Amino acid sequence: MMFSFSSNIELARGGTNTMIKRGITLVFHSIKELVTLAENAGSVSEAMIQVELQRGNMTREEIWGQMDHQLSVMEKAVARGIEGVASPTGLTGNDATRLMHYIEKGNFISGETILKAVRNAIATNEVNAAMGLVCATPTAGSAGVVPGVLFAARDQLNLTREQMIRFLFTAGAFGLVTANNASISGAEGGCQAEIGSASGMAAAALTEAAGGTPEMSSAAMAITLKNMMGLICDPVAGLVEVPCVKRNALGASQAMISADMALAGITSAIPTDEVIAAMYKVGIQMPTIFKETAEGGLADTPTGRDIKMKIFGVDA
Amino acid sequence: MGDRYHSVFDIIGPIMVGPSSSHTAGAARIGKVVRKIFGTLPEKVTIYLYESFAKTYQGHGTDIALIGGLLDDEPDDPRLPQSLERAKALGIDVQFIPTDEVAEHPNSAKIVLEKGQQKLEVLGCSIGGGNIQISEVNGFKIKMQANQPTILIVHQDLHGAIAKVATVLAEQGINIATMMVSRKAKGDEAIMVIEVDEKEIDASIEKMLEIPMIHQASFFQS
């Protein structure tokens, strides 16, 4: 059995649960290690729960209950956003409602599930911009992607509450590796690190929820991150609004397509861990004007500067 | 590379009022810690904002979050967005002063609380992902992240003060994880920051306050 650090790790299978022998540290530092853990535990979500248990701070029931709570917060944020909210600055708001009406008409070009994911992602980020309650996944600025995809998948795949909670553990497991080996902060690694990471997490979790193997989840994440590579963080007026809300929307759509590609058996020529390492390197090489300083990109357009002037009374 | 994130809830979480983990959730946590140190509702609040906080505090709701924290709100309290109105209704005089001064961290705020003769001045920074650091209390340079149960003690710099505090904790079965002591000058006012493992320490705080050279003792955890 191949685990990262100790040769004495043993898993004893009992019933449907995988039991962990006492005194063994279960960890994963790479996607490769996570996939191996998941293959032994039965799923990525189960591996993540066991690693969390191993930290010793919470019982299994507490861990499950906490994630159930995170899910409830996401659910409420999506519902509130679809009802319609606007931010105090008026820069963003009510687009989730627009999209809901558009979907209801039924005359769309792409697909209903993708559009629902896009609608949910916008809803969440509009609530975030309006100082509403959200669950950061992995950050507040990228909070729309994972719930966006999850609630669209619930309708398409008829996911149970348990499967939805497991979706979040899987997303979190892939996110942990990305956060520790690259970054999930726009100030450190640009938007590729925030919405890129969120989209990769969502793609991997969706793949598992749809019945894919841990290896397929890994491929789905790699496919997403490769396309998000180099994405800059250029918030207009430094606010988590433009272009953040729409980038969450399109990140969610990419996660869906990547999951479908992986489920079709398409793999990534570059291993996922190397993709994450490349993303980290690109983040370091990225000029600081593109890392949440609001000094480049869309923030530095004539209109972007005007908006900043109107809100804060100072030029960009 | 060292692992900075350990729990799945570092990634799927925290639950918070938007829009920014550093500018909103972190700011609320700073406010809450400052309130805990002060121990009561202030009559007057003056907040100096530095660098990124100074430039974007309104758009990010940093002002609202700081005041929410001072009213004892958690970062996920749904009443947080109404904190400024709530403070006004409570008769608290609130003032924000954005400054051009350079701070040790881009997201910093100096919070001054007043009530009658009682005054507290704290410098806090939001260091990312909702995590915070308190760097100064009443002119004392400290380093406190407030992610572990923490006791903050203001005392007279006299021999035996530290031993007496340690004895109280020992008698109450409280384990000290880390401890930091700082003073203004020999014999002058001094400060202790003690991180402990236990969460039930009200009895210890009461006993400490019986010690003559202890001026103030507060406890908080996040």
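Every value quoted in this text rests on a predicted model; they were computed, and no experiment measured them.

Q: Before we go on, may I ask you to explain the overall build of chain B in this structure?
A: Looking only at helices and strands, chain B has seven helices and 11 strands in total. In terms of its C-alpha atoms, chain B occupies a principal-axis envelope of roughly 50 × 45 × 30 Å. Taking all 222 residues of chain B together, 52% fall into the buried category. Accessible surface for chain B amounts to roughly 9,800 Å². Of this, 48% is attributable to carbon and sulfur atoms. One finds the centroid of the 21 positive side-chain charges in chain B at a distance of 3 Å from the centroid of its 29 negative side-chain charges.

Q: Where do I start with the UniProt feature "domain: Serine dehydratase-like alpha subunit" (unreviewed entry) in chain A in this structure?
A: UniProt's feature table lists "domain: Serine dehydratase-like alpha subunit" (unreviewed entry) at residues 42-299 of chain A, given in the numbering used throughout. Helix makes up 66% of residues 42-299 of chain A and strand 1%, with an end-to-end C-alpha separation of 46 Å.

Q: Sorry, what's going on with the layout of surface pockets here?
A: All names here are of chain A. Approximately 290 Å³ is the volume found for the second largest pocket. Contributing to the lining of the second largest pocket are 18 residues, with Glu-215, Ser-218, Ala-219, Pro-271 and Thr-272 lying nearest its centre. Among the elements that take part in the lining of the second largest pocket, helix H1 (residues 31-41) stands out by supplying five residues, more than any other. Partitioned by chemical class, the residues of the lining of the second largest pocket number eight nonpolar, six polar and four charged.

Q: Can you help me understand the packing of helix H3 (residues 60-83) of chain A against helix H6 (residues 145-157) of chain A in this one?
A: Any two packed helices are characterised by the angle at which their axes cross and by the distance between the axes. All names here are of chain A. One way to put it is that H3 packs onto H6 with a least axis distance of 10 Å and a crossing angle of 85 degrees. The orientation of H3 relative to H6 falls into the category roughly perpendicular. In contact with Leu-71, Met-74, Glu-75 and Val-78 of H3, H6 contributes Pro-147, Leu-150, Phe-151 and Arg-154. Counted by class, the contact of H3 with H6 contains six nonpolar, no polar and two charged residues.

Q: Help me understand the domain arrangement of chain B, please; the structure alone is not making it clear to me.
A: One widely used convention gives an interface's size as the accessible area the parts lose upon coming together. All names here are of chain B. If you check the domain split of chain B, you get domain 1 (6-144) and domain 2 (148-221). Its C-alpha centre places domain 1 at a distance of 24 Å from the equivalent point of domain 2. A combined buried area of about 1,000 Å² lies between domain 1 and domain 2, and 76% of that area is made up of carbon and sulfur atoms. Our enumeration of links across domain 1 and domain 2 arrives at zero salt bridges. Listed by contribution, the elements that provide at least two residues to the side of domain 1 that touches domain 2 are helix H2 (21-38) and strand S7 (140-144). Among the elements that take part in the side of domain 1 that touches domain 2, S7 stands out by supplying five residues, more than any other.

Q: What's the story with a nonpolar patch on the surface in this structure? I'm lost.
A: Residues and elements named next belong to chain A. A cluster of nonpolar side chains, contributed by Ile-257, Met-261 and Ile-266, occupies part of the molecular surface with about 230 Å² of accessible area. Mapping Ile-266 onto the fold places it in the loop between helix H11 (244-263) and helix H12 (272-285). For Ile-266, a relative accessible area of 39% translates into the label partly exposed.

Cut-offs used in this document
Here the residue index of a chain counts from 1 through its sequence in written order. Chain labels run from A onward and ligand labels from 1 onward, assigned in the order the entries are written. Owing to the predicted nature of the model, reporting of local features is limited to residues with pLDDT of at least 70; listing and counting of side-chain atom pairs is limited to 80 or more, with chain, interface and lining totals taken over all residues. Note that water and hydrogens are dropped before the side-chain values are worked out from all heavy atoms of the structure. Under the scheme used here, helices are H or I runs from DSSP no shorter than 4 residues and strands are E runs no shorter than 2 residues, and both carry numbers assigned from the N terminus. Classification of residues uses two cut-offs on accessible area relative to the type maximum, computed with a 1.4 Å probe and protein chains only: under 20% is buried, over 50% is exposed, and between them is partly exposed. Here the open area of atoms and residues is found with the Shrake-Rupley method and a 1.4 Å probe, where only the protein chains shown may cover a residue. Asp and Glu are treated as the negative residues and Lys and Arg as the positive ones, with His and the ends of the chain left uncounted. To locate a charge, take atom NZ for lysine, CZ for arginine, CG for aspartate or CD for glutamate. UniProt positions are given in the numbering used here, feature names are shortened, and annotations may be inferred rather than shown by experiment. Put simply, the grid is 1 Å and covers the protein atoms alone, a cavity is a trapped set of points that fit a 1.4 Å probe, a pocket is an open set with protein on both sides within 12 Å along at least five of seven lines, and lining residues have an atom within 4 Å of a point. Grid points are joined across faces, edges and corners, and a volume is the space filled by probe spheres set on the points. For this scheme, ten residues count as nonpolar: Ala, Val, Leu, Ile, Met, Phe, Trp, Tyr, Cys and Pro. Four count as charged, namely Asp, Glu, Lys and Arg, and the remainder, Gly too, count as polar. Fitting a line to C-alpha atoms yields each axis, with helices limited to the stretch in contact; the angle taken between N-to-C directions then spans 0 to 180 degrees. Angular relationships are summarised with four words: roughly parallel below 35 degrees, roughly antiparallel beyond 145, roughly perpendicular across 65 to 115, and oblique for the angles in between. Any pair of residues with heavy atoms lying within 4.5 Å of one another is described as a contacting pair. These domain limits were set by an automatic method or by a database of domain assignments. Summed over both partners, the accessible area (1.4 Å probe) lost when two parts come together is defined as the buried area. Any Lys or Arg side-chain nitrogen found within 4 Å of a carboxyl oxygen on Asp or Glu counts as a salt bridge. Here a patch means residues that are over 30% exposed by relative accessible area and free of salt bridges, tied together within 9 Å if like-charged and within 5 Å if nonpolar (Val, Leu, Ile, Met, Phe, Trp, Tyr).

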